[in-house]
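Structural characterization, general
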There are 2 protein chains.
Amino acid sequence: MDTETETLINGQRLKPNQVLPSNSADGAIIYDSSHFQLRSRDRHVSYGSINGAVPLPENNRDPEMPGRQSVTFRRLPPEMLTTLSSQFESLDYEPWESRVFKEESSKKTPSSLTKQGITRWVVVFFIGVCTALIACTIDICVVEITKLKYGFLKKYIDKCVTENCLYMPYLLWLGISCGFAFIASVLVTYGEPVAAGSGIPLVKCYLNGINVHRLHRLKTLFVKAAGVTCSVLGGLAVGKEGPMVHSGAAVAAGLSQGKSTSLGFDFGILKEFRCDQEKRDFVTGGAAAGVAAAFGAPIGGVLFSLEEGSSFWNQNMTWRIFFCSMVSAFTLNVVLSAYHGQIGQLAYDGLLNFGKFPDIPFTLLELPIFIGMGIIGGLIGALFNQMNYHISVFRRRFIVSRWAKVLEVIVVCCVTVTAGFVMIYCVNDCKPLGPKDDIDFPIQMFCEDGQFNAVAAMWFQTPEASVRALFHDQPGTHNPLSVGLFFITYVFLACWTYGLSISSGIFIPALLSGAAWGRLVGLGLYRLTEGAAWADPGKYALIGAASQLGGIARVTLSLAVILIETTGNLSLGLGLMLTLLTAKLVGDCFNAGIYDMNVQLAGLPMLPWSSPPLCYGTQARDIMSKPVVVLREVERVSTVLSVLEETRHQGFPLIFENRFSGSQGNQNSFGMLRGLILRSQLKILLKEKAFCSSPTGSASQPPVSLETFRMYYPRYPTFQGMHFTEEERSSYLDLRPYLNPTPYTVPMHASLPRTFQLFRALGLRHLIVTDDNNEVVGMITRKTLARYRARICCGTIDFVELPLGGHGVQL
Amino acid sequence: MDTETETLINGQRLKPNQVLPSNSADGAIIYDSSHFQLRSRDRHVSYGSINGAVPLPENNRDPEMPGRQSVTFRRLPPEMLTTLSSQFESLDYEPWESRVFKEESSKKTPSSLTKQGITRWVVVFFIGVCTALIACTIDICVVEITKLKYGFLKKYIDKCVTENCLYMPYLLWLGISCGFAFIASVLVTYGEPVAAGSGIPLVKCYLNGINVHRLHRLKTLFVKAAGVTCSVLGGLAVGKEGPMVHSGAAVAAGLSQGKSTSLGFDFGILKEFRCDQEKRDFVTGGAAAGVAAAFGAPIGGVLFSLEEGSSFWNQNMTWRIFFCSMVSAFTLNVVLSAYHGQIGQLAYDGLLNFGKFPDIPFTLLELPIFIGMGIIGGLIGALFNQMNYHISVFRRRFIVSRWAKVLEVIVVCCVTVTAGFVMIYCVNDCKPLGPKDDIDFPIQMFCEDGQFNAVAAMWFQTPEASVRALFHDQPGTHNPLSVGLFFITYVFLACWTYGLSISSGIFIPALLSGAAWGRLVGLGLYRLTEGAAWADPGKYALIGAASQLGGIARVTLSLAVILIETTGNLSLGLGLMLTLLTAKLVGDCFNAGIYDMNVQLAGLPMLPWSSPPLCYGTQARDIMSKPVVVLREVERVSTVLSVLEETRHQGFPLIFENRFSGSQGNQNSFGMLRGLILRSQLKILLKEKAFCSSPTGSASQPPVSLETFRMYYPRYPTFQGMHFTEEERSSYLDLRPYLNPTPYTVPMHASLPRTFQLFRALGLRHLIVTDDNNEVVGMITRKTLARYRARICCGTIDFVELPLGGHGVQL
């Protein structure tokens, strides 16, 4: 249900998720699909009928009325990729300028401001350090246990290849991998389903302004970290970098609040940061720190956070994000250097160390090749995303129960191990074992002595090491046939794996499969040119990896910087950028990037960058939700209680006491606007029993302080355990000290683009629609705006209105 | 005069620049310093008296009224660094949603949208190419003529050092340099004063929303390009990189409009981009392309544009900026490679090629050294800026006439040459001439045969080459004493030079002086550690250069990326970032960055990132300008004419016809808001004589199309040549098809932070203040908001209100 705007229909109770028949007048259809009945009592709750656009009252006038050409939004049927989930609420980015807030801030001294500023930097420092430490722990665990695992298996294979008992190491491999996969899956499925997937789409949504429940819990962080370690150890086609970003965000959200709900612990510090706005800023930094730690790319991290998350570029915030990234990269470097025995050195840039490329020159003639590879990457990426979408839809329909999800993970794990084993068994790609090869576990299999099986080397290491091998190995190392086979197998496995009920990133699988086909292109060029210096297969593997990742994720600017920072290669920068841009443009012709597709599948009401084009004829009154549930500035407790019980709105406009005494005569008005109050604030006031006996309110000091409001953040009291006597019910709540006296409003005849722009640029949660006399006529929220989309394809625009539904999140 | 908000005082004509006595009630003082009298006629121009905050009318109420604690803004006296110039107007970033606009956009088809999208990319492509070509031309000119100049001088010196006629080459050097400096100065001083300085502060201001007159003219572009070439050839302590950014911006503004006012030429294409909003987006791209071309840093360019310019991060715009940067870097690379004889290669990354550093590892122990160098850089930078400020103030007072400005340039040029010559003559820093030295003109002076004078080498090349030498020369090459002497001389010269009436950048002088003291630190460490591998003087020269530039310009994130891209060195990235951040933090304790100081000196009303802190008690009605000059929707031509003649407001709220018939009774109201119209639009309507005879307006097709409005952009008709008959004067203008029906408004009791946030985030030009009945009570513009500042220093906040003055721009 759209809990922020759901509307009421007089005398008719509609079940949640029941979709109303489309009620279109001049292209304007809007009302939410779930409605509640309100018992009629002595209160100023307004009822209305659904009748399309609100007509203009007598003394209002619409300058566009003659010949207004409104766009027709086609209402889509509820379907997997088009339904917006109504279970998500928005964050409050707007400072809540109530009287209690202003009184507190007027008491602030310059030195308290300075102290707050310094505290912010200190918190950010610790966010960077902790994010890096978590990243290090995961990395070291993965590296050490991987060594044990493959060392153990190698011993058996070497023994069994002569003793003809190869089923033994196969079964062992299967057992060990499935064990880890089982743990990874159980942790996520039974522990914390929100920790599934890469976490990047959810962090994006959070930064966009959606309050994703349980995203930043300590438990989620633990499940994410332990889960991704087990997923990688299970040998699945996953990366650990996406989850790092989520971990960074969770660390930031936790540290900045000075308390943990999971542990039920409150340090009693950092209380001034307990609001959505401050928390968001810290989370932006945490996400950047996560990228910095995962890829050793502090600049890339900042760009990623800004590109994905922030809509308002504030320089001060940018400094802090930058500092956070830097600290994270530093810490990781120091710890990993110490781990590798180089204490005091700064030699390990990031988890994802692809090894430095030497300076690779490239010529103008190679640009068409790069563009061509960008096109291939875009095509493969689009295909990948489409396949993954169909798998996700299938999964959503048929793999519903928890045990089925765990079972699917086990099946995928078995298939992965079997595919690897069959390839090692069947493809006899023997290479001489050079002294310089840094292969940890060279498997001899059926090769001559002094040789090793190159295919086995690809499977018997972490995916990161395989990418490194494809980037840096000498031209002769890999047989094109085995690389091609590996590519096809791996791409298929990665596509199947992404979306399972485990913590898993898509970066590494994308890079690895891209590096595989990129190397094939490079090998082809190398043979064609008979070994020309520029036709370095490693370089083309890098281009292929970038192209593939660009085609799948469609993140360009930050991705280019991340790849440049990760490979330490600037000279190829222009080539990388060109490839990424091509891959994105080609991929966008077919479908959305995988993260956006995830967001759509989960029905998250993410606001796009701009409103649909050509919609200047559509006005706020065409799309707004109404009737609006309003309250008076001093309201009877019983009224507030029943409004809270019977609606799920998150914000209530407050109106002037004597609304019916006015002579304005606008039938559609709900009263003259006086302010806005949130559901959470009403709940706290009820919990604190801040009542007064007189309907004119009390003139004394407001009974509830800002401190109390902060104490409850972000988990507000529920009605369970709240009991009110009959006397209390008939007393009043004076809302005047707590209301936001100047909520943002929009005139009812403002165009959709203008409304959208106002909402998006200021990061609003509620936008009240008013008529010319400043009277409330409707309400616009995130879900109202997120529903109207334009799909531009092949020269036509399809204006669609997404339905609202109740399905859950599974990324 | 504040042409957008100036207020009227009944019966009293005040001269422009006359400052009204402060009229403070409860800390609220605001009214602009220049006022005009309006003859009273038959029109709805409202008069009022200045009486502090507007009292609230009967049925309005202020929820904060009890105990509102407003901050007291101390009114500063008009002084060089505190006066805001009133001659600048704002840009219109808001789409003008009038009926004619909406009708046009509803006629658009999806394919015309696609076409427009593609056109945008094509235009951006050409912006990148042209910017790069201009950069190449300047660079090649500088390199070639420098070779001729110093080759010629070297011949004379080599001859005269034996023949004892050293005054000869000195005089020749003086003559050639002064000749170039003279041309550079005359071009700027007499040709286009807005082309003076680096141009970066002006581009920043433009992107912030200030309409800097003549900034993007073709003539300005020419003067800038030719001027900076001559400045560099004159041997002055200037760089050519800042002007490149300005050139890029000018190219973008010119190309995107498809016409040139300087040439009086109109291609008749790209008409849909003729509005401030589209132009701004292209200029953002152009500035990025300029950085990309100047430094070979496409990512740095994008970051620079975003960090400095854009307040709203739009992903689509970011793609285009990125593309523009990339194209520019590519083009430059191709052309320079061809110029250096490597056709088809991509070997020359940017104009500012500092040469690739080999991989320089650094240890944890060096971090304190980097921080220390950051502190030194911050201190030197702050001192530099302070000195430059005093020089600028002196210059503003005493060097006013054009010839004096030219003379000052000549004097500085003479001092520069003399300083160089004296150093070469006196310091006998002889070094053996190795085969690997890439010094173009080794001057032997009094050295032995086979040796050359190292000091002469520093002066006898472009500053870029000197920086390269300090970065890459072997540890023994430079004598600490001569480097120290060079540093002191050069820093002094750079400080004097920046702000002269020539085109000049500050990047290179800052980098060069920083590299000098950085190398000194490096040499010290090298000797202390007896030549340890990590104590590479070149590395410390780079850190010093970054630190110095960070201390002067205080641009961090983009600067770090630019330096990383320019030096091709990622491994030092973290060290560079740390140094830059330290330098910025230290410098900010003392004064603003040099660009911000420039902006303040020019009195440009740049809006900071956020409103002053702790100002929640200050409300919109405390700071707004009033009385407001309003018009009716259908207004008499004579009224419009006299309003335009007698005020310099740029926007007029339109009110409902029967304002006096209402029973609202707000004394301070100017009528119920119906829309907003701009001065420029009124002028065009008058010019086109779009009159009607009836006071109820005409129902027919609006007589002036959007096409006509675009035709006039951005130079609107003046009243010269406009003649109106008495009949025309008594007819009416129907403004309804052209007005913006939903201008942004703010309630009169909204707080200053909320008002600021709305204005800044949406890039507004006019913000109308309304009371609770949606009636106009005041107006807020850029200058209103830019005047209120808070200076936080040593734990205290100084709330100041800047005066408005009429002085001009000289950067």
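In short, a report on the structure. (Residues numbered from 1 in each chain as written. Chains lettered and ligands numbered in written order. Predicted model: local features only at pLDDT ≥ 70, side-chain atom pairs only at ≥ 80, totals over all residues. Heavy atoms only, no water.)

Along the backbone of chain A there are 26 helices and 20 strands. Residues classed as buried in chain A amount to 66% of the 811 residues present. Entry remark: accessible area of chain A is about 27500 Å², with carbon and sulfur atoms responsible for 60%. (Helix = DSSP H or I, 4+ residues; strand = E, 2+ residues; numbered from the N terminus. Buried < 20%, exposed > 50% of the residue type's maximum accessible area, 1.4 Å probe, protein only. Areas by Shrake-Rupley, 256 points an atom, 1.4 Å probe, with all protein chains shown as cover.)

As a further point, take the pairing of strand 13 (residues 651–655) of chain B. Residue and element names in this part refer to chain B. With respect to burial, strand 13 is a largely interior element, five of its five residues being buried. Alternating positions in strand 13 separate into two faces, G651, P653 and I655 on one and F652 and L654 on the other, with burial throughout. Alignment of strand 13 against strand 14 (residues 673–678), held across five bridges, turns out to be antiparallel. Each residue of the ladder has a partner; that of P653, found in strand 14, is L676. (Pairing = 2+ DSSP bridges.)

The backbone of N774 of chain A shows a phi angle near 65 degrees, a positive value even though the residue is not glycine. Note that N774 of chain A resides in the loop between strand 16 (766–770) and strand 17 (776–781). For K689 of chain B, which is not a glycine, the phi torsion comes out positive at approximately 50 degrees. With respect to the element layout, K689 of chain B can be found in the loop between helix 22 (679–687) and strand 15 (691–692). Given a relative accessible area of 37%, K689 of chain B falls into the partly exposed group.

Residue and element names in this part refer to chain B. In spatial order, the strands read 12-16-15; together these three strands make up an open sheet with antiparallel pairing. The open sheet has two edge strands with one neighbour each: strand 12 (634–636) and strand 15. Note that strand 15 and strand 16 (residues 732–734) share two bridges and pair antiparallel. Following the sheet pairing, C692 is matched in strand 16 by Y732. In the packing of helix 21 (residues 637–646) onto the sheet, contacts are made with strand 12, strand 15 and strand 16, and the angle to strand 12 comes to roughly 75 degrees. (Contact = heavy atoms within 4.5 Å. Axes fitted to C-alpha atoms, helices over the stretch in contact; angles between N-to-C directions.)

In this structure, Y206 of chain B sits in helix 4 (residues 200–208). The spacing of Y206 of chain B and V283 of chain B is 77 residues in sequence and 8.9 Å in space, taken between C-alpha atoms.

Residue and element names in this part refer to chain A. Nonpolar side chains collect at one region of the surface, where I118, V122, F125, F126 and L255 lie side by side and expose about 430 Å² of accessible area between them. Relative to the assigned elements, L255 resides in helix 6 (residues 241–257). Overall, the relative accessible area of 32% leaves L255 in the partly exposed class. (Patch = residues over 30% accessible without salt bridge, like charges linked within 9 Å, V, L, I, M, F, W, Y side chains within 5 Å. Salt bridge = Lys/Arg side-chain N within 4 Å of Asp/Glu carboxyl O.)

Enumeration over the complete set of coordinates arrives at 44 aromatic pairs over all chains. Between F492 of chain A and W496 of chain A, the aromatic rings sit 6.0 Å apart at their centres with planes inclined by 50 degrees, giving tilted as the arrangement. Residue F492 of chain A and its partner W496 of chain A are located together in helix 14 (residues 480–497), separated by four residues, close to a single helical turn. Take F492 of chain A: its relative accessible area is 46%, and that puts it in the partly exposed class. An aromatic cluster is present here, built from Y150, Y170, W173, F421 and F460 of chain A joined pairwise through their rings. The ring of Y744 of chain B is capped by R754 of chain A, whose NZ or CZ atom sits 3.9 Å from the centre of that ring. Across from the ring centre of W609 of chain A, 4.9 Å away, lies the NZ or CZ of R760 of chain A, which sits over that ring. (Phe/Tyr/Trp six-rings, centres within 6.5 Å; stacked < 30°, edge-to-face > 60°. Lys NZ or Arg CZ within 6 Å of the ring centre and 35° of its normal.)

Looking now at the environment of T770 of chain B. Residue and element names in this part refer to chain B. Here T770 shows up in strand 18 (residues 766–770). The sequence separation of T770 and V129 amounts to 641 residues, and the corresponding C-alpha distance is 48 Å. Once residues lying within four places of it in the same chain are set aside, the contact partners of T770 are L673, T745, V746, P747, M748, E775 and V777.

All right, on to the state of the cysteines then. Residues and elements named next belong to chain B. Inspection of every chain in the model, using the stated rule, returns four disulfides over all chains. The disulfide bridge from C430 ends at C447, spanning 2.0 Å between sulfur atoms. Between C430 and C447, the disulfide has an S-S torsion of -90 degrees and is therefore left-handed. Highlighted residues: C430 in strand 9 (residues 430–432) and C447 in the loop between strand 9 and strand 10 (451–453), separated in sequence by 17 residues. We classify C430 as partly exposed; its relative accessible area is 23%. (Disulfide = S-S within 2.5 Å.)

Attention now moves to the nonpolar core. With 325 residues, the main nonpolar core has W459 of chain A together with W459 of chain B as its most contacted residues. Setting aside chain neighbours within four positions, we find W459 of chain B in contact with Y150, W173, T416, G420, M423, I424, F486, T489, Y490 and L493 of chain B. V71, L614, M624 and F756 of chain A belong to the second largest nonpolar core, which has 67 residues in total. (Core = buried A, V, L, I, M, F, W, Y, C linked by side-chain atoms within 4.5 Å.)

All right, on to the pattern of salt bridges then. Applying the stated criterion across every chain yields a total of 43 salt bridges over all chains. A salt bridge links D772 of chain B to R674 of chain A; its shortest N-O distance comes to 2.8 Å. Of this pair, D772 of chain B sits in the loop between strand 18 and strand 19 (776–781) while R674 of chain A sits in strand 12 (residues 673–678), on two different chains. Given a relative accessible area of 3%, D772 of chain B falls into the buried group. Between R765 of chain B and E89 of chain B there is a salt bridge, with the nearest N and O atoms lying 4.0 Å from each other. Taken together, the positions of R765 of chain B in the loop between helix 25 (752–762) and strand 18 and E89 of chain B in strand 5 (residues 89–90) put the pair 676 residues apart, joining distant regions of the chain. One network of salt bridges, with partners in common, ties together D139, K240, E241 and E464 of chain A.

A few words on the sheet that holds strand 11 (residues 631–632) of chain B. Residue and element names in this part refer to chain B. Judged by pairing direction, the sheet is mixed, and its three strands sit side by side in the order 11-13-14 without closing on themselves. Lying at the two open borders of the sheet, with one neighbouring strand each, are strand 11 and strand 14. With two bridges joining them, strand 11 and strand 13 adopt parallel strand pairing. Its bridge partner being in strand 13, R632 is matched across the sheet by I655. In the packing of helix 22 onto the sheet, contacts are made with strand 11, strand 13 and strand 14, and the angle to strand 14 comes to roughly 75 degrees.

The subject of this paragraph is helix 4 of chain B. Residues and elements named next belong to chain B. A large share of helix 4 lies buried, amounting to nine of its nine residues. Three or more residues of helix 4 are buried, namely I200, P201, L202, V203, K204, C205, Y206, L207 and N208. In the segment just after helix 4, G209 is the residue with positive phi, at about 120 degrees.

Before going further, it helps to spend a moment on the packing of helix 14 of chain A against helix 15 (residues 507–528) of chain A. Residue and element names in this part refer to chain A. Across the interface, helix 14 lies against helix 15 with an axial gap of 9 Å and an inter-helix angle of 155 degrees. Classed by the angle they form, the pair helix 14 and helix 15 counts as roughly antiparallel. When you trace helix 14 past helix 15, the crossing you get is left-handed. Across the interface between the two elements, P480, V483, G484, F486, F487, Y490, V491 and A494 from helix 14 touch P509, L512, S513, A516, W517, L520, L523 and R527 from helix 15. Residues that form the contact of helix 14 with helix 15 fall into these classes: 13 nonpolar, two polar and one charged. (Parallel < 35°, antiparallel > 145°, perpendicular 65-115°, else oblique. Left-handed = near helix turned anticlockwise from the far one by under 90°. Nonpolar A, V, L, I, M, F, W, Y, C, P; charged D, E, K, R; others polar.)

In this section: the environment of A494 of chain A. All names here are of chain A. By the secondary structure assignment, A494 is in helix 14. Among the residues examined, A494 registers a relative accessible area of 2% and is labelled buried. Spatially, the C-alpha atom of A494 lies 9.2 Å from that of N388, the residues being 106 residues apart in sequence. Residues in contact with A494, not counting those within four places in the same chain, are A237, F384 and P509.

Without other data, these values stay purely geometric and don't point to any function.
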